[in-house]
Amino acid sequence: MAQKKTQKPAKYPPLPTSLDAPGGRVKVKLCEKIVNNGQDCWGLWEESTRVISIVREMPPRHQWKVFYHEVAHIAITDAGLDDILTLEMHEAICNAIASQRMRERFGG
């Protein structure tokens, strides 16, 4: 009898299409290109519309890291900490949180 191969789950599943956050529901959308203040970027959190946009044409691992980075922006915004952090501090905190979440969820 031939053994049936079991399909290994994808290491990087599709990104969620939405998430709940303290300030309300957030939509997640994949885009061809994102420009913020005249510069191309991989992801963007738009507080006014509560939308995370992520560039579609990236490897799944990078999409997930960008997703966690943008979710960290949401946490900071919803906690009311935007006004007390410099842009550099805000970005550094989001990068640190994204790196840790990647390790927790996907290892190494």
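This text follows the structure it describes.
Calculation criteria
Residues numbered from 1 in each chain as written. Predicted model: local features only at pLDDT ≥ 70, side-chain atom pairs only at ≥ 80, totals over all residues. Heavy atoms only, no water. Axes fitted to C-alpha atoms, helices over the stretch in contact; angles between N-to-C directions. Helix = DSSP H or I, 4+ residues; strand = E, 2+ residues; numbered from the N terminus. Parallel < 35°, antiparallel > 145°, perpendicular 65-115°, else oblique. Left-handed = near helix turned anticlockwise from the far one by under 90°. Contact = heavy atoms within 4.5 Å. Pairing = 2+ DSSP bridges. Buried < 20%, exposed > 50% of the residue type's maximum accessible area, 1.4 Å probe, protein only. Patch = residues over 30% accessible without salt bridge, like charges linked within 9 Å, V, L, I, M, F, W, Y side chains within 5 Å. Areas by Shrake-Rupley, 256 points an atom, 1.4 Å probe, with all protein chains shown as cover. Salt bridge = Lys/Arg side-chain N within 4 Å of Asp/Glu carboxyl O. Lys, Arg positive; Asp, Glu negative; His and termini not counted. Charge placed at Lys NZ, Arg CZ, Asp CG, Glu CD.

### Brief notes about the packing of helix H1 (residues 60–78) against helix H2 (residues 87–106)
Reasoning step 1: Interhelical geometry of H1 versus H2 gives an angle of 130° and a closest axis separation of 8 Å. Accordingly, the angle class assigned to the pair H1 and H2 is oblique. Crossing geometry of H1 relative to H2 is assigned as right-handed. Contact residues: H1 offers Arg61, Trp64, Lys65, Tyr68, His69, Ala72, His73 and Ile76, while H2 offers His90, Glu91, Ile93, Cys94, Asn95, Ile97, Ala98, Ser99, Arg101, Met102, Arg105 and Phe106.

### Some words on the sheet that holds strand S1 (residues 18–21)
Reasoning step 1: Pairing within the open sheet is mixed, and its four strands lie in the order S1-S2-S6-S5. Of all the strands in the sheet, the pair left with one neighbour each is S1 and strand S5 (43–46). Across the sheet, the mean angle from the axis of one strand to that of its neighbour is 20°, orientation sign disregarded.
Reasoning step 2: Pairing analysis gives five bridges linking strand S2 (residues 24–31) to strand S6 (residues 51–55), with the strands arranged parallel. From the neighbouring strand, cysteine 31 faces S6, where its bridge partner is valine 55.
Reasoning step 3: Against the sheet, H1 engages S1, S2, S5 and S6, with an angle of about 155° to S6.

### What to know about the pairing of S6
Along a regular strand, successive side chains alternate from one face of the sheet to the other.
Reasoning step 1: Counting buried positions along S6 yields five of five residues, so the element is predominantly enclosed.
Reasoning step 2: Where S5 lies against S6, four bridges are found, and the strand directions are antiparallel. The residue bridging glutamate 46 from the neighbouring strand is valine 51, located in S6.
Reasoning step 3: Counted along the chain from S5 to the antiparallel partner S6, the turn is four residues long, and its residue arginine 50 has a positive phi close to 55°.

### Some remarks on the environment of proline 22
Reasoning step 1: Position of proline 22 among the secondary structure elements: in the loop between S1 and S2.
Reasoning step 2: Distance in space between the C-alpha atoms of proline 22 and threonine 77 is 9.7 Å, their sequence separation being 55 residues.

### Focus: the side chain of histidine 90
Reasoning step 1: Relative to the helices and strands, histidine 90 resides in helix H2.
Reasoning step 2: By relative accessible area, which is 9% here, histidine 90 ends up buried.
Reasoning step 3: Other than its neighbours up to four places away in sequence, histidine 90 contacts His73, Ile76, Asp82 and Leu85.

### A word on a positive patch on the surface
Reasoning step 1: On the surface, Lys11, Arg61, Lys65 and Arg103 cluster together into a patch of positive charge.
Reasoning step 2: Here arginine 103 is to be found in helix H2.

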